[in-house]
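If you want the building blocks of each chain, they are given just below.
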Amino acid sequence: MKRILSSFLALALPVSALAAGFALEDGSVRGNVIPGELTAKGGVPSAQYFNPATITELPGTQVELGATFIKPWADVKTVSPYTGATSVGHGHSKVWSIPNAYATRQINDALFVGLGLYTRFGLGAKFPSDWAGRYNSIKAEILSFDLAPVIAWKVSERLSLAVGIDIRYFDIELSQQIDAAGAAGLRPYNDPAPSPYDVKQTFHGDDILPAVDLGVTFKATDTVTAGLAYHSRIKYHVKGDAKWEKPAAVAAMAPQFFNNCDFDAWNYNPDKLIASVAWDATEKLTLSAGLTYTLWHLYDELVIHVARPELMGRDKVTSEKKWHDAFRVSAGASYKLSDAWGVRAGYTFDLSPINGAHTDYLVPGDDRHIFAVGADWTHGAWTLDASYFYEIVADFDVKGDPAHGTFAGKFQDADGHAVALALIRRF
């Protein structure tokens, strides 16, 4: 099972520039532009990513394969509390891919089933190993993979209900440098100036658990449809390897510390509630709006336990988070140019859940503004979907906590470009 998951995850390394916190909202090419319409009305197999009840609008058998390709950018400005020197760390920039796949089948007039392969949570924040904030983070990667079968019941022409099981594999890797010279009293602790005695610390572990997906759609009038979906929380007990790479001098002076061992930690993927409404203003024009509410308050702290007291006599490391619940609002419009062509545009505001009093470099960024456009072309039983979005991330001031490796400064100049493609086949 893990070999299959690893093969899929090799294709997909989500990044924090996609959504606030470490949630992802990019499981549908069309949904990148008009998530509200897909949550309420559906129309393509990937709509089940938002609301599984929408599959009752898909006759026969339908299959969709898609991917979103993103290139993010972010800088982190830091000011040394010891010298006042200013430096800028550049986040590792590359094109990341997030693939997805869906299938739906109509069993009879009332019963429909579906299957989704996608990811709901991910993070990829990397910095150079010698940057000023290295004592807080040089790498934070979260990879997840969801296998989600659903079943939907078309109660009437106006009401549909659905339930699904979301089996999620969750993999996390956190790396930072440890200031061994500062810990030994040879210089101020976590001084961002270069040091030959840095110890690289890496925690890498995983877990696999199920969640529950629920959905409902209701056609209030002939032109107005509403959708509501719930994706449940998962509390992972992540277990894996704790590893340290230490210079020879540190190994000689402190052989009892920084020796590889096991670790474990608890981590939440929070509950998510999605609500939307779509209005067919004309036969060709549909307007929609949506709201996603995520219970990020569950991410109160990150506590990592190591099997032996390897952390300079300690057997755990604690990082306060105290995130707050956050919402994501969207508005969009789609227009049918002809039987073959459709176009759409949308805007999303994504509120950051990060608590400014406990900011770190694991999840850089703040509130986000996302502007998106898309189009689809249909020929016979085939449809090609495409979308593009540009994301602007607001600058965010960092108060700094040198004891935990963060310094006064700000996240700045963060944005991202994304192109997505999907191919749909109806049988």
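Residues numbered from 1 in each chain as written. Predicted model: local features only at pLDDT ≥ 70, side-chain atom pairs only at ≥ 80, totals over all residues. Heavy atoms only, no water.

Asks: For this particular structure, what's the right way to read the pattern of salt bridges?
Replies: Between side chains of opposite charge, pairing is possible as soon as their charged atoms come close. For the structure on display, the rule yields 25 salt bridges. Notably, a salt bridge pairs Lys272 with Glu25, separated by 3.1 Å at the nearest N-O pair. Within this pair, whereas Lys272 is found in strand S12 (residues 272-280), its partner Glu25 is found in the loop between helix H1 (2-9) and helix H2 (35-40), the two being separated by 247 residues in sequence. Residue Glu25 is classed as buried on the basis of its relative accessible area of 8%. Linked through salt bridges whose partners overlap, the residues forming this network are Arg30, Lys336, Arg344, Asp376 and Asp385. (Salt bridge = Lys/Arg side-chain N within 4 Å of Asp/Glu carboxyl O. Helix = DSSP H or I, 4+ residues; strand = E, 2+ residues; numbered from the N terminus. Buried < 20%, exposed > 50% of the residue type's maximum accessible area, 1.4 Å probe, protein only.)

Asks: Mind showing me how you'd approach the nonpolar core here?
Replies: Of all hydrophobic cores here, the largest spans 40 residues; its most connected members are Phe22, Trp244, Phe263, Trp296 and Val306. When contributions to this core are tallied by element, the ones reaching two or more residues are strand S5 (123-126), strand S6 (139-154), strand S7 (159-179), strand S8 (198-219), strand S10 (234-245), strand S11 (261-269) and strand S14 (301-306). In terms of residues, this core owes the most to one element, S10, which gives 5 residues. Here Val306 is in contact with Phe203, Ala242, Trp244, Cys261, Asp262, Phe263, Leu311, Arg314, Asp315 and Lys316, once residues within four sequence places are set aside. (Core = buried A, V, L, I, M, F, W, Y, C linked by side-chain atoms within 4.5 Å. Contact = heavy atoms within 4.5 Å.)

Asks: Looking at this model, I keep getting lost on the packing of aromatic side chains. Mind explaining?
Replies: Note on aromatic pairs: each is described by the distance of the centres and the angle between the planes. Evaluation of the coordinates by the stated rule reveals 22 aromatic pairs. An aromatic cluster of three or more residues is present, and its members are Phe22, Phe121, Trp296, Tyr299 and Trp323. If you follow Lys272 out to its NZ or CZ, it ends over the ring of Phe121, 5.6 Å from the centre. (Phe/Tyr/Trp six-rings, centres within 6.5 Å; stacked < 30°, edge-to-face > 60°. Lys NZ or Arg CZ within 6 Å of the ring centre and 35° of its normal.)

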